[in-house]
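Here is what each chain is made of, one letter per residue.
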Amino acid sequence: MPVIKYPRLRDPLFYEWDRKAQKCGLRHTIYAVNGDQYTGEWLDNLRHGKGTQIWKSTGAIYSGDWKFGKRDGYGAFSILDPETKEYKRVYTGWWENDRRCGRGTFFYPNGELYEGEWSHGVRSGWGKMHYKDGSTYEGQWLMDQPNGPGLLQLPNGNRYDGGWKDGKKHGPGKFFYPDKGQLLEGIWVADIPKCGVLVEFGREEAPAPPELPLPEIKLQDPAGVLAEAQAMFDDSHNE
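Residues numbered from 1 in each chain as written. Predicted model: local features only at pLDDT ≥ 70, side-chain atom pairs only at ≥ 80, totals over all residues. Heavy atoms only, no water.

Chemist: Sorry if this is basic, but what is going on with the environment of W164 here?
Modeler: For W164, the position within the fold is in strand β12 (residues 159-165). We classify W164 as buried; its relative accessible area is 7%. Note: C-alpha distance between W164 and V189 (25 residues apart in sequence) is 9.1 Å. A polar side-chain atom of W164 sits 3.3 Å from the main-chain carbonyl oxygen of G150. (Helix = DSSP H or I, 4+ residues; strand = E, 2+ residues; numbered from the N terminus. Buried < 20%, exposed > 50% of the residue type's maximum accessible area, 1.4 Å probe, protein only. Polar contact = N/O pair within 3.5 Å; in protein donor to acceptor, adjacent residues only side chain to side chain.)

Chemist: Honestly, the nonpolar core in this entry has me stumped. Any pointers?
Modeler: Looking at soluble globular proteins, one finds that nonpolar side chains tend to be buried together. Among the nonpolar cores identified, the biggest contains 21 residues, and F77, Y91 and Y160 are the most heavily contacted of them. Of all the secondary-structure elements, those providing two or more residues to this core are β2 (37-43), β4 (61-67), β6 (87-96), β8 (113-119), β10 (136-142), β12 and β14 (182-189). Sorting elements by how many residues they give to this core places β6 first, with three residues. For Y91, the contacting residues outside a window of four places in its chain are G75, A76, F77, R100, C101, R103, G104, T105, F106, F107 and W118. (Core = buried A, V, L, I, M, F, W, Y, C linked by side-chain atoms within 4.5 Å. Contact = heavy atoms within 4.5 Å.)

Chemist: Quick question: what am I supposed to make of unusual backbone geometry here?
Modeler: What you tend to see is this: most non-glycine residues have negative phi, and most peptide bonds are trans. Unlike most non-glycine residues, N97 shows phi in positive territory, near 55 degrees. One can find N97 in the loop between β6 and β7 (99-107). Take N97: its relative accessible area is 42%, and that puts it in the partly exposed class. Located in the positive-phi region is D191, a residue other than glycine, with phi close to 80 degrees.

Chemist: I tried to follow the packing of aromatic side chains on my own but got confused; where do I start?
Modeler: Where two aromatic rings form a pair, the distance of their centres and the angle of their planes describe that pair. Summed over the entire model, instances satisfying the criterion amount to 18 aromatic pairs. Seen in terms of ring centroids, Y160 and W164 are 5.4 Å apart; in terms of plane orientation they differ by 80 degrees. Their pairing is edge-to-face. Accessibility classification places Y160 together with W164 in one group, the buried group. Here the aromatic rings of F175 and Y177 are separated by 4.7 Å at their centres, their planes lie at 20 degrees, and the arrangement is stacked. Residue F175 is classed as buried on the basis of its relative accessible area of 10%. (Phe/Tyr/Trp six-rings, centres within 6.5 Å; stacked < 30°, edge-to-face > 60°.)

Keep in mind that these numbers describe shape and distance, not what the molecule does.
As structure tokens, then:
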């Protein structure tokens, strides 16, 4: 009895082409239509795992962790200096959903430096800022501004230790003046000391103390007057 052989069915060629075109696992450099290039790991046609992306339009480069097509995990972002043609580090640290999130270090173009915590791409949490004038701020941040307890140290040695709100001194705090040998302890509102007590603090060691010492307070109840003034301006308990 003759045996009838049927031709084996084969998938159309474009099925095979599509399968080969799917990006999954470690790949060599892939070039986008706009000239961007990526070298690294893929998952379901998305950058996922370890990889390096170079943006052609700006020359910027990111090398680190990816998750479903976005920077997520630990990585470093740098830009190309148009004059020296060398890469300058911008940010090194943790990312989430393509934005700075977690601990990281940001290098500003003017030479300033921030080391600390980030959330949704802005400074939030505990961090230390190094300003170009030599001063530093270390403390709490919220929405890219000093907010909460923090310490500001100035180049001349003076320092403020106290509350902050929207980037300004706000609430109870102490301002030390080692150059004058004085200490101001009181309440600040929007960077302005509203009330407090100015006392001598290390006057003997101060390099430039005032010519005359502070006069003696003659109020009948100085503590009561101060407490009343502090209650008027201190809104820290409402925050």
